[in-house]
Amino acid sequence: MSSQINPTVLQVLERYTGKRVRVTIDRNFGFEGTVATISQEPPGLWLSDAEAVIIRTTLANPLPQVAGREDRSELFINLSSVQYIEVLH
């Protein structure tokens, strides 16, 4: 494997199991879902009840807002492609 994920990162992500999160892949795209489990090899997370989301910002509202959604059911996301993970309340 070319890039190693620190084990403490995986331990932190395990705390999110069962919680709803938004995982941003790039500036305008990401996924929302419930963290089902964390995988160590390859490093990633499984989302259940997942949705693909389109994220938009404007000059008037610079905070990212979801502009569109599409159902994806269950989904695996490799941690090497994640920009950030946000826990939703």
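See the structure shown above.
Predicted, not measured: the structure shown is a model, and the values here were computed from it.

Peer 1: Now, about the sheet that holds strand E1 (residues 20-26): what can you tell me, with residues and values included?
Peer 2: Here we have five strands laid out as an open sheet, ordered E4-E3-E2-E1-E5, and antiparallel in their pairing. Lying at the two open borders of the sheet, with one neighbouring strand each, are strand E4 (65-78) and strand E5 (84-87). Going across the sheet, the axis of each strand differs from the next one's by a mean of 30°, ignoring polarity. The pairing of strand E2 (residues 29-40) with strand E3 (residues 43-56) spans 10 bridges and is classified as antiparallel. The residue bridging Val 35 from the neighbouring strand is Leu 47, located in E3.

Peer 1: Requested: an account of the environment of Ile 85, with residues and values cited.
Peer 2: Here Ile 85 lies in strand E5. We classify Ile 85 as partly exposed; its relative accessible area is 24%. In sequence terms Ile 85 and Gln 65 are 20 residues apart; their C-alpha atoms lie 15 Å from each other. Leave out the neighbours within four places in its chain, and Ile 85 touches Leu 13, Tyr 16, Val 21, Arg 22, Val 23 and Leu 45.

What counts, and at which threshold
- Residues numbered from 1 in each chain as written.
- Predicted model: local features only at pLDDT ≥ 70, side-chain atom pairs only at ≥ 80, totals over all residues.
- Heavy atoms only, no water.
- Pairing = 2+ DSSP bridges.
- Helix = DSSP H or I, 4+ residues; strand = E, 2+ residues; numbered from the N terminus.
- Axes fitted to C-alpha atoms, helices over the stretch in contact; angles between N-to-C directions.
- Buried < 20%, exposed > 50% of the residue type's maximum accessible area, 1.4 Å probe, protein only.
- Contact = heavy atoms within 4.5 Å.

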